[in-house]
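Residue strings, one per chain:
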Number of protein chains: 2
Amino acid sequence: MLDYKDWKPADLRALIREGGLDAPTAGMCSGYAQGNLVVLPEALAYDFLLFCQRNPKACPLLEVSDAGSRTFPVFGRGSDIARDIPRYRVYEDGVMTGEYQDVSALFDKKEQEGIRLVSFLIGCSFSFEADLLEAGIPVRQIEEGVNVPMYKTNIPCVPAGRFFGNMVVSMRPIPHRLVPAAAAITAGMPRVHGAPVQIGCPEAIGISDLTHPDFGDMVTIREGEVPVFWPCGVTPQNVVMSSKPSFVITHAPGHMFITDVKNAELRL
Amino acid sequence: MLDYKDWKPADLRALIREGGLDAPTAGMCSGYAQGNLVVLPEALAYDFLLFCQRNPKACPLLEVSDAGSRTFPVFGRGSDIARDIPRYRVYEDGVMTGEYQDVSALFDKKEQEGIRLVSFLIGCSFSFEADLLEAGIPVRQIEEGVNVPMYKTNIPCVPAGRFFGNMVVSMRPIPHRLVPAAAAITAGMPRVHGAPVQIGCPEAIGISDLTHPDFGDMVTIREGEVPVFWPCGVTPQNVVMSSKPSFVITHAPGHMFITDVKNAELRL
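Summarised in this report is the structure supplied together with it. None of the values given here were measured: they were computed from a predicted structure.

Structural notes on the relation of the copies chain A and chain B
Of the two same-sequence chains, chain A is brought onto chain B (RMSD 0.0 Å, axial shift 0.0 Å) by a rotation of 180°. Those values place the two copies in the arrangement expected of a two-fold rotation axis. When C-alpha positions in chain A are compared against the rotation axis, the closest is assigned to Y46(A), at 2.7 Å. A share of 100% of interface residues in chain A that are also interface residues in chain B marks the association as one of identical surfaces.

Put into structure tokens, the structure is as follows:
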């Protein structure tokens with residue numbers, strides 16, 4: 001099985017750019033951070049940048065492109081933001097209007113309309129899952145080969161300009177004796193969501209039915225395990241659906257931007 | 001001696017607002033974080049916000065006001081940004097043109113010109129100095145009752161839009177056996193500049209003469225002590241002098257905004 005685990009990020013991005021890979025990126029380029037993508041017209045960029053500044057747990061910014069540029073020079077040297085992710089989504093007025101493997105034509109179209117796009121790269125919990133596994137803490141959705149379960153909460157993000165909406169969280173069931181270690185390990189990585197927001201009380205954050213996640217897949221919660229909830233990088237997509245900006249490109253869930261920066265470098 | 005050490009932040013801000021205090025704020029409201037202030041016209045706010053995002057060690061953002069607002073609702077509930085700092089500086093086209101105890105007239109004047117101002121609150125190393133002292137690590141400029149020595153370096157900040165310039169660092173001489181602890185303690189507080197950028201080699205970052213700091217005062221370096229350099233919140237003022245924006249208000253060195261948030265809360 002070709003799992004791309006040992007590939008270098010630049011090589012894998014090149015393969016994706018040529019259309020040679022259409023799959024979720026979990027587990028690829030082991031050790032390197034992956035990121036969530038949000039692309040917006042320049043006129044919305046200030047409000048979104050401020051939204052991320054005010055909500056750093058849900059939206060920990062790794063890098064912001066220059067307006068009109070299609071590359072992340074620090075996290076992806078030589079990258080092409082419009083082609084280096086296997087699958088993109090486009091939202092117009094808060095509604096998803098399409099999935100694409102290449103959005104360079106959309107960047108070109110906006111440029112012809114005189115609109116420069118700004119790209120935001122946001123940290124992803126894949127980075128801390130490697131550390132959890134290393135410490136002997138199970139990560140159930142990896143064991144079960146599915147997507148992590150994600151839930152809309154009743155925790156309002158701090159609004160900024162035209163952006164508002166509630167936090168989305170991911171859930172991992174952790175054996176109760178390992179919960180303190182899981183909290184401590186992730187707290188040490190604030191650039192990839194950091195510490196949990198809730199441990200053991202889903203109803204306290206507005207989640208009434210754990211068995212029906214709003215995004216992703218349900219996983220098994222075993223006897224003696226506690227559901228632990230972390231701020232999730234799907235929050236920006238939830239905010240986009242609430243705030244209904246005219247035009248946004250994001251990655252498709254699970255299909256991330258693979259960076260040149262190692263997870264270990266995100267500890268500081 | 002009335003040192004305001006045990007005052008509540010809101011009470012001290014009220015005293016300053018009434019014109020009852022014109023002094024540097026070091027040591028006041030013990031345990032509470034103090035912050036650097038940068039106020040800019042809305043048209044410059046995006047570039048400056050992006051500059052802070054790209055240079056989080058020198059410019060760790062604590063809070064950004066809404067455009068046209070004069071308060072920090074999270075870090076200073078009920079605060080008046082234009083009057084709650086004992087002393088302000090105004091820069092026009094990169095040149096300091098005045099010091100003020102109250103800048104509300106300048107906010108009003110800009111508003112009459114149709115210009116909304118945006119205020120940025122940036123973390124300050126006062127927060128980690130309390131932790132160093134707690135751990136038995138000396139903080140020389142406090143012992144000697146002077147301002148911390150600060151130096152311009154040859155380390156370029158990552159530019160953003162019209163903002164560019166080099167990092168300014170603060171220096172504390174640390175006994176060599178305590179240097180690892182000093183690095184570890186400050187690394188755990190990334191919201192107030194975090195880990196040192198240089199330990200023991202001033203010439204490596206372009207500092208040729210330790211005895212003549214560019215800002216603040218020289219302190220004694222004793223036998224067996226190593227000069228340790230941290231990113232400094234004076235960096236934005238250096239960047240303002242390099243980038244020459246039309247209009248900026250900052251705090252005067254050492255005269256900080258006293259927040260309602262405890263240093264301990266800034267660890268996460």
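This is not the end of the story, as more comes after the structure.
A closer look at the sheet that holds strand β8 (residues 198–199) of chain A
Residue and element names in this part refer to chain A. Spatial strand order, β6-β7-β9-β8: four strands in an open sheet with antiparallel pairing. Where the open sheet ends on each side, the last strands, each with one partner, are β6 (150–156) and β8. One ladder, built from seven bridges, connects strand β7 (residues 166–175) with strand β9 (residues 225–231); its direction is antiparallel. Its bridge partner lying in β9, P173 is registered against P227. Helix α7 (residues 235–243) rests against β6 and β7 of the sheet, and its axis sits at about 150° to β7.

What about the interface of chain A and chain B?
Contact with chain A, which involves 16 residues of that partner, is made by 16 residues of chain B. Each partner contributes to the roughly 1,400 Å² buried at the junction of chain A and chain B, and carbon and sulfur atoms together form 60% of this total. In this structure, the connection of chain A to chain B is made through two salt bridges. With its nearest N and O atoms 3.1 Å apart, the salt bridge here joins R54(A) to D66(B). Along the contact surface separating chain A from chain B lie five residue pairs in polar contact (both at pLDDT 80 or more). In terms of residue count, the dominant contributor to the side of chain A that touches chain B is helix α2 (residues 42–54) of chain A (six residues). Split by residue class, the side of chain A that touches chain B holds 11 nonpolar, two polar and three charged.

Quick word on unusual backbone geometry
Note: most peptide bonds trans; most residues except glycine with negative phi. Although it is not a glycine, D93(A) sits at a positive phi angle of roughly 50°. Positionally, D93(A) belongs in the loop between β3 (88–92) and β4 (95–100). Notably, C29(B) is not glycine yet its phi reads approximately 50°, a positive angle. Relative to the helices and strands, C29(B) is located in the loop between α1 (9–17) and β1 (32–41).

Let's talk about the environment of P9(A)
All names here are of chain A. By secondary structure assignment, the location of P9 is in helix α1 (residues 9–17). Residue classification places P9 among the buried residues on the basis of a relative accessible area of 3%. Spatially, the C-alpha atom of P9 lies 22 Å from that of N147, the residues being 138 residues apart in sequence. Aside from chain neighbours lying at most four places away, what touches P9 is C29, Y32, I258, T259 and D260.

Let's talk about the sheet that holds strand β6 (residues 150–156) of chain B
Residues and elements named next belong to chain B. Taking strand neighbours across the sheet as the criterion, the four strands line up as β6-β7-β9-β8 in an open arrangement whose pairing is antiparallel. The open sheet terminates on both sides in strands that have one partner only, identified here as β6 and β8 (198–199). Two strands pair when backbone bridges link them, and β8 and strand β9 (residues 225–231) are joined in this way by two bridges, in the antiparallel orientation. Looking at the pairing, Q198 lines up with F229 of β9. Sitting on the sheet, helix α6 (residues 179–187) touches β7 (166–175), β8 and β9, and the angle it makes with β9 is about 15°.

What to know about the layout of surface pockets
Residue and element names in this part refer to chain A. Counted as a void, the second largest pocket has a volume near 870 Å³. What lines the second largest pocket is a set of 35 residues, and nearest its centre among them are A26, G27, M28, F126 and I142. At the level of secondary structure, the elements contributing two or more residues to the lining of the second largest pocket comprise β1 (32–41), α4 (126–134) and α5 (140–143). The element that contributes the greatest number of residues to the lining of the second largest pocket is α4, accounting for seven residues.

Focus on the packing of α2(A) against helix α2 (residues 42–54) of chain B
Where α2(A) contacts α2(B), the axes come no closer than 10 Å and their chain directions differ by 40°. The two elements α2(A) and α2(B) meet at a crossing, and its hand is left-handed. Touching A45(A), Y46(A), L49(A), L50(A) and Q53(A) of α2(A) are A45(B), Y46(B), L49(B), L50(B) and Q53(B), all from α2(B). For the contact of α2(A) with α2(B), the residue count by class is eight nonpolar, two polar and no charged.

Side note on the pairing of strand β5 (residues 117–123) of chain A
All names here are of chain A. Within β5, seven of the seven residues are buried, leaving the element largely enclosed by the surrounding structure. Taking every second residue as pointing to the same face, both faces of β5 are buried, with L117, S119, L121 and G123 on one and V118, F120 and I122 on the other. Here β1 pairs with β5 via seven bridges, running antiparallel. Considered in β5, the bridge of P41 is made with L117. Here three bridges tie strand β2 (residues 61–64) to β5, and the two strands are oriented antiparallel to one another. If you follow V64 over to β5, its bridge partner there is F120.

Description of the packing of aromatic side chains
All names here are of chain A. Here the structure, examined in full by the defined rule, presents 15 aromatic pairs over all chains. Measuring from centroid to centroid gives 6.2 Å for Y151 and F229, while their planes differ by 75°, and the two rings are edge-to-face. On the criterion of sequence distance, the pair formed by Y151 in strand β6 and F229 in strand β9 is long-range, its members being 78 residues apart. In this structure, Y151 and F229 share a single accessibility class: buried. What links up through ring pairs into an aromatic cluster is the set F48, F51, F120 and F163. Sitting over the ring of F247, K110 keeps its end group 4.2 Å from the ring centre.

Some details on the environment of E42(A)
Residues and elements named next belong to chain A. Following the sequence through the fold, E42 ends up in helix α2. Residue E42 is classed as partly exposed on the basis of its relative accessible area, which comes to 33%. Those residues within four positions of E42 in sequence are excluded, and the remaining contacts are A67, R116 and V118. Polar side-chain contacts of E42 include one of 2.8 Å to the side chain of R116.

Procedures and definitions
- Residues numbered from 1 in each chain as written.
- Chains lettered and ligands numbered in written order.
- Predicted model: local features only at pLDDT ≥ 70, side-chain atom pairs only at ≥ 80, totals over all residues.
- Heavy atoms only, no water.
- Least-squares fit on C-alpha atoms with pLDDT ≥ 70 in both.
- Contact = heavy atoms within 4.5 Å.
- Pairing = 2+ DSSP bridges.
- Helix = DSSP H or I, 4+ residues; strand = E, 2+ residues; numbered from the N terminus.
- Axes fitted to C-alpha atoms, helices over the stretch in contact; angles between N-to-C directions.
- Buried area = accessible area lost by both parts, 1.4 Å probe.
- Salt bridge = Lys/Arg side-chain N within 4 Å of Asp/Glu carboxyl O.
- Polar contact = N/O pair within 3.5 Å; in protein donor to acceptor, adjacent residues only side chain to side chain.
- Nonpolar A, V, L, I, M, F, W, Y, C, P; charged D, E, K, R; others polar.
- Buried < 20%, exposed > 50% of the residue type's maximum accessible area, 1.4 Å probe, protein only.
- 1 Å grid on protein atoms, 1.4 Å probe; cavity = no way out; pocket = protein on both sides within 12 Å on 5 of 7 lines; lining within 4 Å.
- Points joined across faces, edges and corners; volume = space filled by probe spheres on them.
- Left-handed = near helix turned anticlockwise from the far one by under 90°.
- Phe/Tyr/Trp six-rings, centres within 6.5 Å; stacked < 30°, edge-to-face > 60°.
- Lys NZ or Arg CZ within 6 Å of the ring centre and 35° of its normal.

By themselves, these figures tell us nothing about what the structure is for.
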